[in-house]
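For reference, the chains in residue letters:
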Amino acid sequence: MKGEMNSIPIFVTVAESSNFSQAAEKLYVTRSAVAKTISRLEERLGITLFNRTTRSQSLTDEGLLYYEFCRRALNEIKMAEDILEGGKLQVSGKLRVSVPVLLGHLCIAPLLSSLAKEHPKLELEISFSDRQVDLSEEGFDLAVRIGELPDSSTLIARHLASHSMIFCASPGYFQQAGEPISLDDLAQHEAIAYVRSGRILKWQVKNERGENIEVNPPSRLMMDDMQAIKDIAITGGGIAWLPYWLVREQLASGSLKEILKEHSSASWPIYAVWLRTPHRSLKVRLAIDKLISELPSMIDVIETQI
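Everything quoted here is computed from the prediction, not taken from an experiment.

Engineer: Please explain the overall build of the protein chain as it appears in this structure.
Structural biologist: Per the secondary structure count, the protein chain includes ten helices and 15 strands. Dimensions along the principal axes, computed over C-alpha positions, put the protein chain at roughly 95 × 35 × 30 Å. Expressed as a percentage of its 306 residues, the buried residues of the protein chain come to 40%. In the protein chain, 73% of the contacts between residues at least 6 apart in sequence involve partners at least 24 apart.

Laid out in structure tokens, this is it:
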């Protein structure tokens with residue numbers, strides 16, 4: 001195997017030279033040694049790599065294909081050696097990531113921007129969208145998705161963190177309407193509903209027995225943007241059901257107050273997904289590692305706060 005690997009740099013040098021003699025000069029070996037190496041390589045592969053004449057040689061179609069892969073492999077090896085010699089993993093090229101709008105703005109973009117600062121040769125392109133993009137068709141290297149994922153033969157997923165939803169409203173609203181102390185009390189209050197694809201998203205909560213149930217409180221205000229729901233809740237528009245990471249600062253400042261903590265909903269998983277390929281690129285691996293190590297603290301899962 002060692003001899004077979006040693007023949008690759010020789011083959012690439014010959015392919016990039018006018019003839020065997022020129023390649024031998026570059027390699028500081030004899031022309032005969034070069035010729036024997038190429039002959040043994042052709043015999044092992046069972047193909048002719050070069051069209052030979054008395055004065056020059058040119059690659060055959062098979063030889064050209066083999067050269068392209070060998071050149072690429074040597075470039076990757078050289079890049080790995082440069083990284084190791086530099087003492088730090090460095091990555092270059094463009095990383096295209098699709099993220100959910102609000103989670104992306106508040107939690108993911110800051111982490112990936114920090115990664116880009118750590119690697120000056122990395123180009124970062126983030127697309128903010130709540131739809132599920134087609135990574136292959138749209139050219140994304142990585143996507144972040146919330147919720148359970150369907151089975152896929154083309155994608156690989158990695159769990160990054162989990163987040164929970166909470167009930168909250170402004171202190172002013174509670175002064176006017178009172179504070180609910182049970183799930184049944186919600187029917188007597190104004191709710192700000194989240195609309196997705198034209199349908200109101202039901203609130204998923206735990207009842208007194210710890211069972212997951214759905215409730216659909218009366219709503220006069222319905223919006224398809226959680227940021228807008230938060231803003232309206234702050235002004236006293238009603239009770240909202242929102243991710244903890246979205247309202248964490250408002251809870252701390254007192255502009256929103258959490259209620260019904262014992263009925264907090266189950267956690268929703270957050271995943272990174274990427275295309276299934278034989279080798280995961282360095283830029284994707286570093287991005288995933290960054291999210292795994294730091295996203296949970298950005299999310300600050302509500303279960304740890306109760």
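Engineer: Whenever I open this one, the sheet that holds strand β15 (residues 268–275) confuses me. Can you help?
Structural biologist: Taken in spatial order, the five strands of this open sheet run β4-β3-β5-β15-β6, and their pairing is mixed. Whereas interior strands pair on both sides, the edge strands pair on one side only; in this sheet they are β4 (122–128) and β6 (155–163). Taken pair by pair, the neighbouring strands of this sheet meet at an average axis angle of 20 degrees, ignoring direction. Sitting on the sheet, helix α5 (residues 101–118) touches β3 (93–99), β4, β5 (142–146) and β15, and the angle it makes with β4 is about 180 degrees.

Engineer: Mind showing me how you'd approach the side chain of E42 here?
Structural biologist: For E42, the location among the structural elements is in helix α3 (residues 31–45). Among the polar contacts made by the side chain of E42, one reaches the main-chain amide nitrogen of F50 at a distance of 3.4 Å. The contacts of E42, once residues within four sequence positions are left out, are I47, T48, L49, F50 and R52.

Engineer: What is the right way to read the sheet that holds strand β8 (residues 191–196) from this model?
Structural biologist: In spatial order, the strands read β9-β8-β12; together these three strands make up an open sheet with mixed pairing. The sheet terminates laterally at β9 (199–200) and β12 (219–223), the two strands that pair on one side only. Sheet contacts for helix α8 (residues 226–234): β8 and β12; angle to β8, the most-contacted strand, approximately 170 degrees.

Engineer: What am I meant to see in the nonpolar core here?
Structural biologist: Across soluble globular proteins, you tend to see nonpolar side chains buried next to one another. With 56 residues, the main nonpolar core has F167, W203 and L295 as its most contacted residues. Membership of the second largest hydrophobic core comes to 17 residues, among which are I8, A24, V34 and A35.

Engineer: Looking at this structure, how should I read helix α2 (residues 20–27)?
Structural biologist: Note that an α-helix has 3.6 residues per turn; residues three or four places apart therefore point the same way. Every buried residue of α2 is listed here: F20, A23 and A24. End-on view of α2: buried residues confined to an arc of 105 degrees, all on one side of the axis. Sitting at the amino-terminal end of α2 is N19, which places a side-chain oxygen 3.2 Å from the backbone nitrogen of S21. Two residues or fewer after α2 comes Y28, characterised by a positive phi angle close to 60 degrees.

Engineer: What should I look at first to understand the layout of surface pockets in this one?
Structural biologist: In this approach a probe as big as a water molecule rolls over the atoms, and the regions it shows empty are the leftover space. Here the largest pocket is characterised by a volume of approximately 800 Å³. Lining the largest pocket are 32 residues; nearest its centre among them are P100, D130, I146, Y194 and R196. If you list the elements that add at least two residues to the lining of the largest pocket, you get β3, α5, β5, β8 and β13 (240–243). Here the lining of the largest pocket gets four residues from one element, more than from any other, and that element is β5. For the lining of the largest pocket, a count of residues per class yields 19 nonpolar, six polar and seven charged.

Engineer: Would you mind going over empty space enclosed by the protein with me for this structure?
Structural biologist: Scanning all chains against the criterion turns up one cavity of 30 Å³ or more. Lining the largest cavity, in full, are A193, I200, L201, K202, W203, V215, N216, P217 and S219.

Engineer: Help me understand the side chain of Q57, please; the structure alone is not making it clear to me.
Structural biologist: Topologically, Q57 is positioned in strand β2 (residues 57–59). Residue Q57 is classed as buried on the basis of its relative accessible area, which comes to 12%. One polar contact links the side chain of Q57 to the main-chain carbonyl oxygen of S17, over a distance of 3.3 Å. With sequence-adjacent residues up to four places away left out, Q57 is seen in contact with V14, S17, S18, N19, F20, F50, N51 and R52.

Engineer: Teacher, can you tell me more about the environment of V99 here?
Structural biologist: Assignment of secondary structure puts V99 in strand β3. When the C-alpha atoms of V99 and R72 are compared, they prove to be 31 Å apart, with 27 residues separating the residues in sequence. The residues contacting V99, other than those within four sequence positions of it, are G104, I108, I126, S127, F128, S129 and V144.

Rules used in this analysis
- Residues numbered from 1 in each chain as written.
- Predicted model: local features only at pLDDT ≥ 70, side-chain atom pairs only at ≥ 80, totals over all residues.
- Heavy atoms only, no water.
- Helix = DSSP H or I, 4+ residues; strand = E, 2+ residues; numbered from the N terminus.
- Buried < 20%, exposed > 50% of the residue type's maximum accessible area, 1.4 Å probe, protein only.
- Contact = heavy atoms within 4.5 Å.
- Pairing = 2+ DSSP bridges.
- Axes fitted to C-alpha atoms, helices over the stretch in contact; angles between N-to-C directions.
- Polar contact = N/O pair within 3.5 Å; in protein donor to acceptor, adjacent residues only side chain to side chain.
- Core = buried A, V, L, I, M, F, W, Y, C linked by side-chain atoms within 4.5 Å.
- Arc of directions from axis to C-beta.
- 1 Å grid on protein atoms, 1.4 Å probe; cavity = no way out; pocket = protein on both sides within 12 Å on 5 of 7 lines; lining within 4 Å.
- Points joined across faces, edges and corners; volume = space filled by probe spheres on them.
- Nonpolar A, V, L, I, M, F, W, Y, C, P; charged D, E, K, R; others polar.

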